[in-house]
Amino acid sequence: MWLSVNGTMRQDSTTANMIFSVPTLVSYVSQFMTLLPGDVISTGTPAGVALGMKPAPVYLKPGDVVTLGIEALGESRQRVVDRT
């Protein structure tokens, strides 16, 4: 699992570093709802979020391009826009 902002790597981790394994998460969620192909289970985020940056956080701003991916699954890219 990885995420970059404007081509700069911010997060790079694996499912091995998750608190709960993928099978455990799927099993737990399946107790409360029927999972269908394409469903997404949000699990949180690996280290590298803006709030944890030193000496000062660097937050997303309009125009930034966020690209994320998981090996063997693919990647997704979004451009940050100002909706105010």
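Bear in mind that the values here come from a model prediction, so they are computed numbers and not experimental data.

Draft legend 1. Highlighting the overall build of the protein. Helix and strand counts for the protein come out as one helix and four strands. Order of helices (α) and strands (β) in the protein, N terminus to C terminus: β-β-α-β-β. Along the three orthogonal principal directions, the C-alpha set of the protein runs to about 40 × 30 × 25 Å. Looking at the 84 residues of the protein, the share that counts as buried comes to 15%. For the protein, long-range pairs separated by at least 24 residues make up 37% of all intrachain contacts whose partners lie at least 6 apart in sequence. With the model as given, the accessible surface of the protein reaches about 6800 Å², and the carbon-plus-sulfur share is 60%. Within the protein, one finds 6 positive and 6 negative side-chain charges whose respective centroids are separated by 10 Å.

Draft legend 2. Broad picture of the pairing of strand β4 (residues 74–79). Taken across its six residues, β4 has zero buried, putting it largely on the surface. In terms of strand pairing, strand β3 (residues 65–70) meets β4 through six bridges, oriented antiparallel. Across the sheet, residue G69 finds its bridge partner in β4, namely E75. Between β3 and β4, which pair antiparallel and follow one another directly, the connecting turn spans three residues, one of which, A72, has a positive phi of 75 degrees.

Draft legend 3. Inspection of the sheet that holds β3 at higher detail. As summarised here, the arrangement of the four strands in space is β2-β1-β3-β4, forming an open sheet in which the pairing is antiparallel. Lying at the two open borders of the sheet, with one neighbouring strand each, are β2 (8–12) and β4. The average undirected angle you get between the axes of adjacent strands in this sheet is 20 degrees. In this structure, strand β1 (residues 2–5) lies alongside β2, joined through four bridges in antiparallel fashion. Following the sheet pairing, L3 is matched in β2 by Q11.

Draft legend 4. Molecular detail of a nonpolar patch on the surface. On the surface, Y28, F32 and M33 cluster together into a nonpolar patch covering about 370 Å² of accessible area. Tracing the chain through its elements places F32 in the loop between α1 (22–30) and β3. The exposed category is assigned to F32, whose relative accessible area is 59%.

Basis of the calculations
- Residues numbered from 1 in each chain as written.
- Predicted model: local features only at pLDDT ≥ 70, side-chain atom pairs only at ≥ 80, totals over all residues.
- Heavy atoms only, no water.
- Helix = DSSP H or I, 4+ residues; strand = E, 2+ residues; numbered from the N terminus.
- Buried < 20%, exposed > 50% of the residue type's maximum accessible area, 1.4 Å probe, protein only.
- Contact = heavy atoms within 4.5 Å.
- Areas by Shrake-Rupley, 256 points an atom, 1.4 Å probe, with all protein chains shown as cover.
- Lys, Arg positive; Asp, Glu negative; His and termini not counted.
- Charge placed at Lys NZ, Arg CZ, Asp CG, Glu CD.
- Pairing = 2+ DSSP bridges.
- Axes fitted to C-alpha atoms, helices over the stretch in contact; angles between N-to-C directions.
- Patch = residues over 30% accessible without salt bridge, like charges linked within 9 Å, V, L, I, M, F, W, Y side chains within 5 Å.
- Salt bridge = Lys/Arg side-chain N within 4 Å of Asp/Glu carboxyl O.

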